[in-house]
Amino acid sequence: MKTIAATPFDYLFDLEHAALVVIDMQRDFVEEGGFGAALGNDVLRLQAIIPTLQQLLAAWRTAGALVIHTRECHRPDLADCPPAKRLRGTPALRIGDAGPMGRLLVAGEPGADIIEALSPMTGEWVIDKPGKGAFHATGLHERLQARGITHLIFTGVTTEVCVQSSMREANDRGYECLVVEDATESYFPEFKAATLSMLTAQGAIIGWSAPSRLLIDSLKPASAS
Ligand code: C5J
């Protein structure tokens, strides 16, 4: 059993029943010319977490536990992208429109790919999701149950949209969840701070948070018990 001195109190997990979830580290959110930039956001803010995620992934992979990557993307005919999602705001380009990295947030287009620096490795799960949450219309819960996973450790972007939605969905389904503070990011620093506070408030009402350093330290063989 591993123990992390998390907020608001210790988080306990064992590697056999835990997965590291990397939410939507796709070119469309992190690079110029993608969906995030089309909404007027500064994508450089999100790029700042890439080295931390690389270190965390390396430690988690060495420990031999499950890694799950998600990609927010839609079918080419957009049948899984309702107007309630597509017709929001006044972006330069909408979901499904053609941009410099192909059609925005459409499966199979270059922009929907996970960035090269965080490429999934063989055996890792890649979940394509049409919603903000990783559980909506993906079958993820059933796969996790079949594998015996009870603990989910969340990273990725953006903190207050897809990371938060996924963590709330997971908690409703009974998973013990932790978000890694410096391995998640938002285009809006105030939204990130508020999200971390609200997820962990009221005695971890949705779950825990901790810096990557504590998680990486817990994965070192010396801390095994
Ligand atoms: C958004 C996400 N922000 N991955 N998606 O639309 O957070």
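None of the values given here were measured: they were computed from a predicted structure.

### Topic: the pairing of strand S3 (residues 18-23)
Summarising burial for S3: six of the six residues are buried, a large majority. Of the two faces of S3, the one lined by Ala18, Leu20 and Val22 and the one lined by Ala19, Val21 and Ile23 are each fully buried. Summarising the sheet, S3 and strand S8 (residues 151-157) pair through six bridges and their orientation is parallel. From the neighbouring strand, Val22 faces S8, where its bridge partner is Thr155. In the sheet, S3 pairs with strand S4 (residues 66-72) via five bridges, with the strands oriented parallel. If you follow Ala19 over to S4, its bridge partner there is Leu66.

### Thoughts on helix H6 (residues 140-147)
Structural remark: α-helix, 3.6 residues per turn; residues separated by three or four positions point the same way. Taken together, the buried positions of H6 are Leu140, His141 and Leu144. Along the axis of H6, the buried positions cluster into a sector of 95°, meaning they face one direction only. Exposed residues on H6 whose side chains face more than 90 degrees from its buried face are Gln145 and Ala146. Each element contacted by the buried residues of H6 is listed here: S4, strand S7 (125-129) and S8.

### Some points on the nonpolar core
Within the largest apolar cluster, 44 residues are counted, with the highest numbers of intra-cluster contacts made by Phe13, Met25, Trp60 and Ile153. In this structure Met25 touches Val30, Leu46, Ile49, Ile50, Leu53, Thr70, Asp113, Ile114, Ile115, Leu118, Gly156 and Val157, once residues within four positions along its chain are discounted. Core analysis: the second largest hydrophobic core is formed by 24 residues, Ala19, Cys162, Val179 and Leu196 among them.

Thresholds applied
- Residues numbered from 1 in each chain as written.
- Predicted model: local features only at pLDDT ≥ 70, side-chain atom pairs only at ≥ 80, totals over all residues.
- Heavy atoms only, no water.
- Buried < 20%, exposed > 50% of the residue type's maximum accessible area, 1.4 Å probe, protein only.
- Helix = DSSP H or I, 4+ residues; strand = E, 2+ residues; numbered from the N terminus.
- Pairing = 2+ DSSP bridges.
- Arc of directions from axis to C-beta.
- Contact = heavy atoms within 4.5 Å.
- Core = buried A, V, L, I, M, F, W, Y, C linked by side-chain atoms within 4.5 Å.

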